[in-house]
Amino acid sequence: MSLRRTQVAIIGSGPAGLLLGHLLKAEGIDCTVLERQPRAHVESRIRAGVLETVTTDLMHRLGLDERMNREAMVEDGFNLADGDLLVRIDIKALTGKTVVVYGQTELTRDLIAAAAQRDLEIVFEASDLALHDTDSDHPSVTYVSGGVAHTIECDFIAGCDGFHGPSRRAIPTDLVREYSHEYPFGWLGILADVPPCHDELIYANGPRGFALASMRSPTRSRYYIQVPQGESLASWSEERLWDELEGRFNGISHHGVTRGPALEMSIAPLRSYVFETMRHGRLFLAGDAAHIVPPTGAKGLNLAASDVTYLADALIGHYDQRGEAGLLDYPQRALARIWKSERFSWSLTRLMHSFPDQAPFERRMQMAELEYLASSQAMQTVIAENYIGLPL
Ligand code: RFL
Ligand code: PHB
């Protein structure tokens, strides 16, 4: 049994936990990151690809942007398609800003690699983690590592443990409100070392549902297609998936789909979810622990980044003796941005997917909306300013 103290115990080494740990450490605040999975598992999870400036700004602020500056692909625009209609949203012309393609995997690797140099402790393979006395002045976290039981006493706990972690569940149910919406489909993704079919992302709808052509680099592609809820990966051979992608993108993309062996294939469910509140005493939730957006619109990781920007400000303010207002206001500040991103992700999901019970009228509404979008700069600006990320 080991007992020690830190100022902030951070649960989870996803983007939220890692960014928060580095932000606090840079201000001399002592913290420890506790992660259930092995390092190799965390570093190889394939997830997000598109980063807003809210996320890239954090990497600049931390001085951990060297590889990102070199390797990230700057995107001046992206495309929305339906059948043969391809509408380019020129985000740079419409907003003056851009997004970048830099995989969550790469961001995570950069943050983990820098931890040792900056004395940020990350305990991987921390099992049986439990939170204690979160509503008191002396919260603590217990876990098991290397067969030894550990207790960390702290001032604050940051629950950055994703949708399935224990932090959210440590808040009494009579104090919370959950808002949840499930979609009747998931995304089947494939990653392959083949050149992208188009220079910019294409989100496509059509009679066969949604498909997304994305990328990680000029030689690595990431594609997704809509599959029914509960679909098994076993029913999709690589061959079948490439056939489907060719059918979807060969007519509208500049270069056409290039096939190649899958580096990864997986299915992710789609849901919208918000947990209010994000604070209980000295426990604060951030990122997927408190909210989920469907990946249409690429907001999940970027919301984790905005949450921890607010939370780091609040904790730094507390330790700088600037008072508790930041900590008390944290949920309200974070949720204001979260709900707007929830709205955007939900509306883009609704516009771009085939719903099993969709009436012909609703399908025509999708087509009419995209045709209107094609001719209206005002509509394009609405999409563009949401895509680059609303101001902090
Ligand atoms: P994470 O990344 O889920 O990290 C949580 C961490 O907590 C650990 N954990 C525990 N640790 C200790 N004890 C326990 N009991 C624990 N239980 C869990 C987990 O092992 C994990 O390491 O949450 P975080 O940090 O909030 O980050 C959120 C993002 O990962 C997520 O929102 C994005 O990946 C969402 N997302 C996208 N977001 C974007 O901004 N742009 C995109 O282009 C984008 N594309 C995507 C996506 C998510 C996808 N999937 C798979 C859901 C594409 C897909 C397909
Ligand atoms: C990705 O490249 O993984 C990606 C891009 C855009 C999204 C979702 C995922 O909206």
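From a predicted model like this one, the values you see are computed outputs, not experimental measurements.

Caption draft 1: Looking closely at the nonpolar core. Counting 75 residues, the largest nonpolar core has V8, I10, L20 and L24 as the members making the most contacts within it. Residue contributions to this core peak at 12 residues, all from helix α8 (residues 300–319). Apart from residues lying up to four places away in sequence, L20 is in contact with I10, A158, C160, V308, L311 and A312. With 32 residues, the next largest nonpolar core counts V50, L94, F185 and Y203 among its residues.

Caption draft 2: Structural detail: the site of ligand 2. Surrounding ligand 2, one finds 14 residues, the nearest of these being Y203, S214, R216, Y224 and P295. Interatomic distance of 3.4 Å between a backbone N/O atom of R47 and an oxygen atom of ligand 2. At a separation of 3.3 Å, an oxygen atom of ligand 2 approaches a polar backbone atom of A298. Protein contact buries 97% of the 280 Å² of open area that ligand 2 shows by itself. Elements with a minimum of two residues in the shell around ligand 2: β16 (211–217) and β17 (220–228). In terms of residue count, the dominant contributor to the shell around ligand 2 is β16 (three residues).

Caption draft 3: Representation of helix α1 (residues 15–26) within the structure. With 12 residues, α1 ought to run about 16 Å at 1.5 Å a step, and its terminal C-alpha atoms sit 16 Å apart, in line with that. Across the 12 residues that make up α1, a large majority, 10, are buried. Every buried residue of α1 is accounted for by P15, A16, G17, L18, L19, L20, G21, H22, L23 and L24. In the segment just after α1, G28 is the residue with positive phi, at about 80 degrees.

Conventions and cut-offs
- Residues numbered from 1 in each chain as written.
- Chains lettered and ligands numbered in written order.
- Predicted model: local features only at pLDDT ≥ 70, side-chain atom pairs only at ≥ 80, totals over all residues.
- Heavy atoms only, no water.
- Core = buried A, V, L, I, M, F, W, Y, C linked by side-chain atoms within 4.5 Å.
- Buried < 20%, exposed > 50% of the residue type's maximum accessible area, 1.4 Å probe, protein only.
- Helix = DSSP H or I, 4+ residues; strand = E, 2+ residues; numbered from the N terminus.
- Contact = heavy atoms within 4.5 Å.
- Near = heavy atom within 4 Å.
- Polar contact = N/O pair within 3.5 Å; in protein donor to acceptor, adjacent residues only side chain to side chain.
- Areas by Shrake-Rupley, 256 points an atom, 1.4 Å probe, with all protein chains shown as cover.
- Expected span 1.5 Å × (residues − 1).

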